[in-house]
Amino acid sequence: MSALLLWVFVEPTTKAVLAEVIEEPAFRNFMAPELLLHVGLSTCLWFFVYLMGAYIWQAREPATVKLASSQRGTVMTETLIALPVLLMLIFGIAQLTVNNIAGIFTNLATIQAARAAWLWEREPCNSIECNPGERARIQAAAILTPVAPGAQRVGGGALSLAAQQMRATLAGAQHPRLTEDSGLLGFQMVDAVNLSRRKSANFARAVDNQSYSVRTIRKFTFAYHATIVEVSNPSAEEVRVELTYRHYNAFPFVGRLFGDVAEVAGRMGHYANIERSFEMKRLPRPNREAVVAPDHPKLY
């Protein structure tokens with residue numbers, strides 16, 4: 001809603017670019033419903049703020065009639081009945097908003113994963129480090145890092161070397177004083193963070209109350225384990241990526257409303273499965289094929 005109010009201050013060039021994007025059929029079919037949902041959530045939130053403000057303003061007025069003890073007890077009972085419903089409404093709107101944002105991030109993550117698979121599938125290498133599916137998964141996890149939860153337990157096994165390098169790079173970039181080797185600094189920061197601590201869900205952890213560096217390490221680790229990427233070739237000239245992101249419902253009381261019980265990265269909870277797919281033309285084959293020799297497995 002605030003963005004709509006600030007629309008008058010947007011530069012004409014930016015407005016023209018947005019107008020071209022809106023005219024694209026892919027946007028109308030894929031992103032428009034989520035955008036409308038965002039506007040609806042913003043409207044509900046501002047309406048709720050208005051109601052709370054009106055209630056507080058009325059409560060400031062001096063009472064002219066004294067209530068009997070039985071009437072005061074009735075007011076307390078009604079408050080206790082309405083409070084759980086109010087909390088469910090607040091947490092539900094917050095969780096639905098975060099899930100919707102996660103869906104938008106998954107859209108971008110799927111496109112980036114397809115670009116990574118498009119680039120790496122022609123590489124003549126059998127190692128996991130240059131596997132197109134692994135590279136696509138790492139790129140998707142990097143995009144999903146901001147929306148992934150990071151204050152609870154993270155497990156799920158070791159990351160590949162390429163994934164560890166990406167995590168260290170993201171962590172090192174959060175340091176206030178960048179060094180000549182921020183990647184090495186990122187590895188040291190990862191070693192100093194306890195990823196296996198057990199914490200239950202609450203409102204503060206759901207909105208990330210940790211430092212940026214610790215948050216980045218935990219978030220990327222969870223996003224990597226919560227992402228499933230499958231790379232296929234529907235035809236000889238196309239590459240297709242199917243991505244599934246299992247988003248953890250971190251807000252208390254409402255997790256079961258938006259997902260099913262599952263375990264991801266050693267964390268039990270309610271997860272919302274977000275599935276996306278993207279296709280693009282394959283990269284042309286190089287002019288020279290790889291020559292595999294016993295002493296030089298990557299000789300060209």
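Conventions adopted
- Residues numbered from 1 in each chain as written.
- Predicted model: local features only at pLDDT ≥ 70, side-chain atom pairs only at ≥ 80, totals over all residues.
- Heavy atoms only, no water.
- Helix = DSSP H or I, 4+ residues; strand = E, 2+ residues; numbered from the N terminus.
- Buried < 20%, exposed > 50% of the residue type's maximum accessible area, 1.4 Å probe, protein only.
- Contact = heavy atoms within 4.5 Å.
- Areas by Shrake-Rupley, 256 points an atom, 1.4 Å probe, with all protein chains shown as cover.
- Axes fitted to C-alpha atoms, helices over the stretch in contact; angles between N-to-C directions.
- Parallel < 35°, antiparallel > 145°, perpendicular 65-115°, else oblique.
- Left-handed = near helix turned anticlockwise from the far one by under 90°.
- Nonpolar A, V, L, I, M, F, W, Y, C, P; charged D, E, K, R; others polar.
- UniProt positions renumbered as here; feature names shortened; annotations may be inferred.
- Patch = residues over 30% accessible without salt bridge, like charges linked within 9 Å, V, L, I, M, F, W, Y side chains within 5 Å.
- Salt bridge = Lys/Arg side-chain N within 4 Å of Asp/Glu carboxyl O.
- Pairing = 2+ DSSP bridges.
- Core = buried A, V, L, I, M, F, W, Y, C linked by side-chain atoms within 4.5 Å.
- Expected span 1.5 Å × (residues − 1).

J.: Give me the overall build of the protein chain: which residues, what numbers.
T.: When you go through the protein chain residue by residue, the secondary structure sums to 11 helices and 4 strands. The 300 residues of the protein chain split such that 32% are buried. When contacts within the protein chain are restricted to residue pairs at least 6 apart in sequence, long-range pairs at least 24 apart make up 72% of them. When the accessible area of the protein chain is evaluated, it comes to approximately 18,700 Å², of which 61% is carbon and sulfur surface.

J.: Any chance you could break down the packing of helix α7 (residues 161-173) against helix α10 (residues 212-225) for me, citing the residues and the numbers?
T.: Relative orientation of the contacting elements α7 and α10 amounts to 150°, with a least axis distance of 9 Å. Comparing their axes, α10 and α7 come out roughly antiparallel. The crossing of α7 and α10 is right-handed. The residues of α10 that touch α7, namely those facing A163, M166, R167, L170 and A171, are T216, I217, F220, T221 and Y224. Taken together, the residues of the contact of α7 with α10 break down into 7 nonpolar, 2 polar and 1 charged.

J.: Tell me what's going on with the UniProt feature "transmembrane region" (unreviewed entry) in the protein chain, and back it up with residues and numbers.
T.: Following the UniProt record, one finds the feature "transmembrane region" (unreviewed entry) at residues 35-57 and 78-98. End-to-end, the C-alpha atoms of residues 78-98 are 31 Å apart, and along that stretch the chain is 100% helix and 0% strand.

J.: Outline a nonpolar patch on the surface, supporting the account with residue identities and numerical values.
T.: On the surface, L45, W46 and V49 cluster together into a nonpolar patch covering about 290 Å² of accessible area. Within the element layout of this structure, L45 appears in helix α4 (residues 32-59).

J.: Now, about the sheet that holds strand β3 (residues 260-264): what can you tell me, with residues and values included?
T.: Within the open sheet, the 4 strands sit side by side as β1-β2-β4-β3. Their pairing is antiparallel. Edge positions in the sheet fall to β1 (227-232) and β3, since each has one partner strand and no second. This sheet shows a mean twist of 35° between the axes of neighbouring strands, independent of strand direction. In this structure, β1 lies alongside strand β2 (residues 238-248), joined through 6 bridges in antiparallel fashion. The partner of E230 across the bridge, within β2, is E242. Sitting on the sheet, helix α6 (residues 132-144) is in contact with β1 and β2, with an inclination near 140° to β1.

J.: Give a detailed account of the nonpolar core, specifying residues and quantitative values.
T.: Residues F222, L243 and Y245 are the most contacted members of the largest nonpolar core, which totals 33 residues. Among the secondary structure elements, those contributing two or more residues to this core are α5 (69-120), α6, α7, α10, β2 and β4 (267-281). If we ignore the near neighbours within four places in the chain, the residues touching Y245 are A102, T106, L144, V147, A148, P149, F222, A226, T227, A272, N273 and I274. A171, L185, V190 and I217 belong to the second-largest nonpolar core, a separate cluster that totals 5 residues.

J.: Could you give an account of α10, naming the residues involved and the relevant values?
T.: Over its 14 residues, α10 extends 20 Å from the first C-alpha to the last, a length consistent with the 20 Å expected when each residue adds 1.5 Å. Taking burial as the measure, the 14 residues of α10 include 12 buried ones, the bulk of the element. What α10 keeps buried is the set S213, R215, T216, I217, R218, K219, F220, T221, F222, A223, Y224 and H225.

J.: With reference to specific residues and values, describe the packing of α6 against α10.
T.: For the pair α6 and α10, interaxial distance at closest approach is 8 Å and the crossing angle is 135°. Here α6 is positioned oblique relative to α10, judged by the angle of their axes. As α6 packs across α10, the resulting crossing turns out to be right-handed. Here α6 contributes E134, R137, I138, A141, A142 and L144 to the contact with α10, which in turn contributes F220, A223, Y224 and H225. The residue makeup of the contact of α6 with α10, split by class, is 7 nonpolar, 1 polar and 2 charged.

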